[in-house]
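Each chain, written out:
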Number of protein chains: 2
Amino acid sequence: MAVNRLPEGVSAEAFAAACDEMRGAVGDKWLIRDNLQHLNSYRDSYTPGDIDSNAPSAAVAPKDVAEIQKVLAVARKYRTPLWTVSTGRNYGYGGAAPRKAGCIVLDLKRMNRILEVNEKHAYAVVEPGVTYHELYEYLQRRDIKLWADPAAPAWGGVVGNTADRGVGYTPYGEHFTVQCGMQVVLADGSVVETGMGATANASTRNLYKYGHGAWVDGIFTQSNFGVITQMGVWLLPEPPGYRPYMVTFPKEDDIHQITEVVRPLKISMLIPNAAVTVGLIWEAAAKVSKSQYYAGSGVMPESARRKMATDLDIGNWNFYGALYGPEPIMDNNWAIIEESFAQVPGAKFYFAEDRKGDAAFDYRAKLMRGVPNMTEFGLLNWLGPGSHIDFSPMSPVTGDGALQQFHFMRDTCHEYGVDYIGEFLIGWRDMHHVLMLVFKRDDEAHKRTIKELFKVLVGEATSKGYGEYRTHLDYMDMISGTYNWNNSALARVNQSLKDVLDPNGILSPGKSGIWPQDDRKG
Amino acid sequence: MAVNRLPEGVSAEAFAAACDEMRGAVGDKWLIRDNLQHLNSYRDSYTPGDIDSNAPSAAVAPKDVAEIQKVLAVARKYRTPLWTVSTGRNYGYGGAAPRKAGCIVLDLKRMNRILEVNEKHAYAVVEPGVTYHELYEYLQRRDIKLWADPAAPAWGGVVGNTADRGVGYTPYGEHFTVQCGMQVVLADGSVVETGMGATANASTRNLYKYGHGAWVDGIFTQSNFGVITQMGVWLLPEPPGYRPYMVTFPKEDDIHQITEVVRPLKISMLIPNAAVTVGLIWEAAAKVSKSQYYAGSGVMPESARRKMATDLDIGNWNFYGALYGPEPIMDNNWAIIEESFAQVPGAKFYFAEDRKGDAAFDYRAKLMRGVPNMTEFGLLNWLGPGSHIDFSPMSPVTGDGALQQFHFMRDTCHEYGVDYIGEFLIGWRDMHHVLMLVFKRDDEAHKRTIKELFKVLVGEATSKGYGEYRTHLDYMDMISGTYNWNNSALARVNQSLKDVLDPNGILSPGKSGIWPQDDRKG
């Protein structure tokens, strides 16, 4: 199955020459082409689609900016497109694989220095290869009382996740909002410091986001206009107190009232962290697998779901939040939060001491205080050796919206024989409804079903006004196509920026639906 | 003195034809050229420089997007550059006047609709002509319990101030951070919705900032890549309690310790609003004028300053902050804040009941709860019929930094015979040191002094690593020139964006130092 493709429009000779020159730039070990086992690690083995359609031709791992510049020069010379990854763990969205087969993966994992942790001002500056786990360990070893908000899986990269506008679960859960300062290498090899970093002896590079003149950091996120080589991220000072809690709700349609309760608590920041209302199966999957409750194929019957909920003492919905601060503030806020949720009949309240040994509560409690871990990744085993793609439409924080979304997504899933595994992640004023579509990696028929289901869901969500904030490689064009107001005016802006910043189209073609000129002609 | 310049490189005939066609687009009344009194209102009568160097040739005020598109078409046809303003009250930074003489002011004041105020989700959508005062009145009339964070002077425009990355004094004081959703008309007349606004039936246009793909909103701030025609801004839900406070400190060098005390309180959000440490004269100028204490020329002597401080019961530094929330939370936070500030010898604490009838406390208390007013504008009368430009370098929140800045700025001011009128405005992790350089509008020698002083200050601040976040027309090139890391790599990005988004260079040439191609050649 391992196909060693060439980049489109590049001859075998040119490709070989490009690889030789890149090898010369980074050293033998760091240009991967002929070692197919190694090269295959850059494919998206979690894809529900055709793994060959995202297969890279090679991978190159520079160790610093100078080597990146050399690699870019080769790519420009031979027109060999690169696909940039930081730690390459963007699973569910494509892992380390390129959008377009034949790209050379530009793997930045060797650039893994934590360049600065500033305790006084509470920020870190990291290179792209630094994982959340590594940043956490760094802070722990030095007993630094600052939290980095992690992505759910610990192996995620700080730079890659932030650049992909990922979210976490502490009060700093909106990663791009707490980003400050970027260094970017453009396709022509020039190195840019954004914001205050462009001043001499910059004393506020990682303290004030916006600098002077056009603020450009945003155009380097979810895009392909440059290679981010450094990023500043703000860290949350450890609060004097921390109390994670869980509230369970018995009925499926409770999601309406739960969401109405949460909105004002979030906007007023009584719930300061990115809180989440977790559906039954998502909550259960950290602890049990489907086969323990249902041996048949297709959707788990309601009776089995009910037994599972009873056994595990969880609800059809399970809200996770946390209190932060000194005791009197936590007490004050909890009184309001408890009273609010108690309006929902059957609501039950739990703190850590009530859920000892509960793997789901435990990993949520960790995430909400910035401790990265790998538990959520284990959810994939719900069906056995699993994989997943996420469908994550953005919606207003309203009961009507949540119920409407839940109903059509559950019902559509069930039509396709797929369990609804979802959660509602609520930010300041937005709600990501994340539907995890889990499938068996070795079941081709199931993968086809998931793909069809995904398309139906996108169509349905789009018609109802819910756009996606992030998606898998195979759906980037489709999702980008839903941002089509006024004859796709925004996409045309992106294309203009692409053409002027990367005229040869060598950087991550197709990322977020942004294609270089040559590819648009096709 | 009224010079009716032509745009550079445009013949009198072409200019006349352009004006005629623009008049046809907007109606007789809204193309201002021959009525010099009206046209002069678009000049920067507050400038310390040559008022002619920023004199517009005409002004045009479209009423909607369709008229903007017509005006843009005429500007492209005759290459007559436009200078976009919203309410045109950007005083201290240039008012409504263009960077380059001869531009036609594109005045958006007629587009002054408040398109939506959403109580449930706490946001507003406004057109560029809406002032903070108008938005406030709208909320008051309908008894809507939401606060819009205003610029200090009430007549400032919401869109213009946010696009210029202005700051205010409530917890939503960083205006661009709480912006969500933009509509922009590009130079070619195409209309773009950014972020979620680009989706069909967009239900989250003003709830989630970042959308999908490159996030472009930032490039339309402090720049000239498009004309913003709509903007969403988040509003702060009225907290259940509000207690503004003031802490005075006796000695000039207390600024060191004050700043060290404030930093952790800000980062931990115990002080949730954009707090400010106000220097003696700034604080006094809301209540008295210089001549009441000192009749001589030059710097006010220390003895007079001391008497003024005693009379007014204020300090050499005066810290303003506010408590927000339910009583127990305010009590808890106040205990920590009071204990922290009490470490500074001589600190005195005041609440509203202690400062009844105090104009300075009163307007600060208003600003910190989102009530726009005009008091601060009155500070200009410190010297009589005054004007000002602001020098506002950005610095880390450290005692060393604050003291170093205060010393060199005070000493340099005094060398030039100018009073130090400053404040330190502290955001989440940044500090703007705002130095107000007040001068008499009719005193040419004094204006020359101020200009020279300004240049010296910029040089000094730059060498110490303090970049400016915003500046007056006459200094945009100078400040932009200090963001020169790596052979001005960031400026070259801005130029690339300018060239591709506005190839004819018709939009606000020179804004923030960003010039179209033709102007760069010169």
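Per chain, residue numbering runs from 1 following the sequence as it is written. Chains carry letters and ligands carry numbers; both start at the beginning, A for chains and 1 for ligands, and go up in the order they are written. Where local features are concerned, this predicted model is filtered to residues with pLDDT of at least 70; where side-chain atom pairs are given and counted, the filter is 80 or more; whole-chain, interface and lining totals use all residues. Only hydrogens and water are removed before side-chain values are computed, so all heavy atoms of the structure are retained for them.

Draft legend 1. A look at the overall build of chain A. In terms of helices and strands, chain A carries 15 helices and 19 strands. The principal-axis extents of the C-alpha atoms in chain A amount to approximately 70 × 55 × 45 Å. Residue burial is assigned from relative accessible area. The probe radius is 1.4 Å, only protein chains are included, and a residue is buried under 20% of its type maximum, exposed over 50%, and partly exposed in between. Going through the 522 residues of chain A one by one, you find that 65% of them count as buried. The contact definition used throughout considers only heavy atoms, calling two residues in contact when any of these lie within 4.5 Å. For chain A, the proportion of contacts with a sequence separation of at least 24, taken over those separated by at least 6, is 75%. Roughly 17,200 Å² of accessible area belongs to chain A as shown, and the carbon and sulfur atoms make up 48% of that amount. Charged residues are defined here as Lys and Arg on the positive side and Asp and Glu on the negative side; His and the ends of the chain fall outside this count. Think of each charge as sitting on NZ of Lys, CZ of Arg, CG of Asp or CD of Glu. The positive charge centre, built from 53 side chains, and the negative charge centre, built from 61, are 3 Å apart in chain A. What counts as a helix is a DSSP run of H or I of at least four residues, what counts as a strand is a run of E of at least two, and both are numbered from the N terminus. The method behind every accessible area is Shrake-Rupley, applied with a 1.4 Å probe, and residues are considered shielded solely by the protein chains displayed.

Draft legend 2. Fine view of the sheet that holds strand β2 (residues 58-60) of chain B. If you trace the four strands from one edge of the open sheet to the other, you get β1-β2-β4-β3 (chain B), paired in mixed fashion. Looking at which strands have only one partner, the edges of the open sheet turn out to be β1 (31-32) and β3 (82-85) of chain B. The criterion for strand pairing is that DSSP finds at least two bridges linking the strands in question.

Draft legend 3. Layout of the sheet that holds strand β8 (residues 179-185) of chain A. Residues and elements named next belong to chain A. Taking strand neighbours across the sheet as the criterion, the five strands line up as β5-β6-β10-β8-β9 in an open arrangement whose pairing is antiparallel. Looking at strand neighbours, the two that pair on one side only are β5 (114-118) and β9 (191-193), the edges of this open sheet. Along the sheet, successive strands turn relative to each other by an average axial angle of 10°, direction set aside. Pairing geometry for β5 and strand β6 (residues 123-126), over four bridges, is antiparallel. Along β6, the bridge assignment pairs Asn118 with Tyr123. Where helix α4 (residues 132-141) meets the sheet, its contacts fall on β5 and β6, and the angle it forms with β5 comes to roughly 50°. Orientation is described by axes fitted as lines to C-alpha atoms, over the contacting stretch for helices, and by angles from 0 to 180 degrees between their N-to-C directions.

Draft legend 4. Broad picture of the packing of aromatic side chains. All names here are of chain B. Only Phe, Tyr and Trp rings take part, Trp by its six-membered ring, and two of them pair if their centres are within 6.5 Å. Stacked means planes under 30 degrees apart, edge-to-face means over 60, and tilted covers everything else. This model, assessed by the stated rule, comprises 53 aromatic pairs over all chains. Geometrically, the ring pair formed by Tyr210 and Trp215 is edge-to-face, given 4.9 Å between the ring centres and 90° between the ring planes. On the basis of relative accessible area, Tyr210 is assigned to the buried category, the value being 4%. Classification of Trp215 as buried rests on a relative accessible area of 3%. Note on Trp334 and Phe349: the rings are 5.8 Å apart at their centroids and 90° apart in plane angle, and the pair reads as edge-to-face. Note that Trp334 is positioned in helix α9 (residues 327-341) and Phe349 in strand β15 (residues 348-351), a separation of 15 residues in sequence. Residue Phe349 is classed as partly exposed on the basis of its relative accessible area of 23%.

Draft legend 5. Up close: the interface of chain B and chain A. Contacts between the two partners involve 88 residues from chain B and, on the opposite side, 88 residues from chain A. Between chain B and chain A lies a buried interface of about 7,200 Å² when both sides are counted; carbon and sulfur atoms form 66% of it. When a carboxyl oxygen of Asp or Glu lies within 4 Å of a side-chain nitrogen of Lys or Arg, that pair is called a salt bridge. Our enumeration of links across chain B and chain A arrives at zero salt bridges. In protein, a polar contact means a hydrogen-donor-capable atom and an acceptor-capable atom, both N or O and within 3.5 Å, with residues adjacent in sequence counting only if both atoms are side-chain atoms; elsewhere, any N or O pair within 3.5 Å suffices. There are 36 residue pairs in polar contact (both at pLDDT 80 or more) connecting chain B and chain A. If you tally residues by element for the side of chain B that touches chain A, the top one is helix α14 (residues 485-501) of chain B, at 11 residues. Three classes are used: nonpolar for Ala, Val, Leu, Ile, Met, Phe, Trp, Tyr, Cys and Pro, charged for Asp, Glu, Lys and Arg, and polar for all others, with Gly counted as polar. Of the residues belonging to the side of chain B that touches chain A, the class tally is 43 nonpolar, 35 polar and 10 charged. Two parts lose some accessible area (1.4 Å probe) when they are put together, and adding that loss for both gives the buried area.

Draft legend 6. Layout of the packing of helix α11 (residues 399-415) of chain A against helix α12 (residues 444-463) of chain A. Residue and element names in this part refer to chain A. Look at α11 against α12: their axes get within 10 Å of each other, and the N-to-C directions meet at 155°. Considered as vectors, α11 and α12 are oriented roughly antiparallel to each other. When you trace α11 past α12, the crossing you get is right-handed. On the side of α11, the interface is formed by Phe408, Met409, Thr412 and Cys413, while α12 contributes Leu453, Val456, Leu457, Glu460 and Ala461. Across the contact of α11 with α12, the residue classes tally to seven nonpolar, one polar and one charged. Angle categories are assigned with fixed cut-offs, so that under 35 degrees is roughly parallel, over 145 is roughly antiparallel, 65 to 115 is roughly perpendicular, and the rest are oblique. By convention, the crossing between two helices is left-handed when the near helix turns anticlockwise from the far helix through less than a right angle, and right-handed when the turn is clockwise.

Draft legend 7. How the structure looks around the pattern of salt bridges. Residue and element names in this part refer to chain A. Applying the stated criterion across every chain, the model contains 70 salt bridges over all chains. Asp477 is the partner of Arg99 in a salt bridge, and the nearest nitrogen-oxygen pair spans 2.8 Å. Taken together, the positions of Arg99 in the loop between β3 (82-85) and β4 (104-107) and Asp477 in helix α13 (residues 476-482) put the pair 378 residues apart, joining distant regions of the chain. Between Arg263 and Glu260 there is a salt bridge, with the nearest N and O atoms lying 3.1 Å from each other. Of this pair, Arg263 and Glu260 are both found in helix α6 (residues 254-267), three residues apart, which corresponds to roughly one turn of the helix. Each of Lys287, Asp313, Lys348, Arg355 and Asp358 takes part in one network of salt bridges that share partners.

Draft legend 8. Summary view of the packing of α6(A) against helix α9 (residues 327-341) of chain A. Residues and elements named next belong to chain A. Orientation of α6 relative to α9, taken along the N-to-C sense of each, is 155°, at an axis distance of 9 Å. Relative to α9, the element α6 is oriented roughly antiparallel. Crossing angle aside, the handedness with which α6 passes α9 is right-handed. Residue-level inspection shows Ile258, Val261, Val262 and Leu265 of α6 in contact with α9, the latter providing Ile336, Ile337, Ser340 and Phe341. Considering only residue class, the contact of α6 with α9 consists of seven nonpolar, one polar and no charged.

Draft legend 9. Spatial organisation of the environment of A:Ala342. Residue and element names in this part refer to chain A. Of note, Ala342 is situated in the loop between α9 and β15 (348-351). For Ala342, a relative accessible area of 45% corresponds to the partly exposed category. The sequence separation of Ala342 and Ile258 amounts to 84 residues, and the corresponding C-alpha distance is 10.0 Å.

Draft legend 10. Expanded view of the relation of the copies chain B and chain A. The transform that puts chain B on chain A rotates by 180° and translates by 0.0 Å along the axis, for an RMSD of 0.0 Å. Such a combination of turn and shift is consistent with a two-fold rotation axis. Using C-alpha coordinates, one finds that chain B approaches the rotation axis most closely at B:Ile329, a distance of 2.8 Å. Most of the interface of chain B is mirrored in chain A, where 100% of its interface residues again form contacts. For the least-squares superposition of copies, only C-alpha atoms count, and only for residues with pLDDT at least 70 in both.

Draft legend 11. Molecular detail of the pairing of strand β19 (residues 430-440) of chain A. Residues and elements named next belong to chain A. Among the 11 residues of β19, 10 are classified as buried, and the element is accordingly described as predominantly covered. For strand β16 (residues 386-391) and β19, the ladder comprises six bridges, and the chain directions are antiparallel. Its bridge partner lying in β19, Ser387 is registered against Phe439. Inspection of the sheet shows strand β17 (residues 394-396) paired to β19 by three bridges, in the antiparallel sense. By the bridge assignment for β19, Pro396 is matched with Asp430. The pairing of strand β18 (residues 422-426) with β19 spans five bridges and is antiparallel. By the bridge assignment for β19, Gly422 is matched with Leu435. With antiparallel pairing between neighbouring strands as the criterion, β18 and β19 make up a hairpin whose turn holds three residues.

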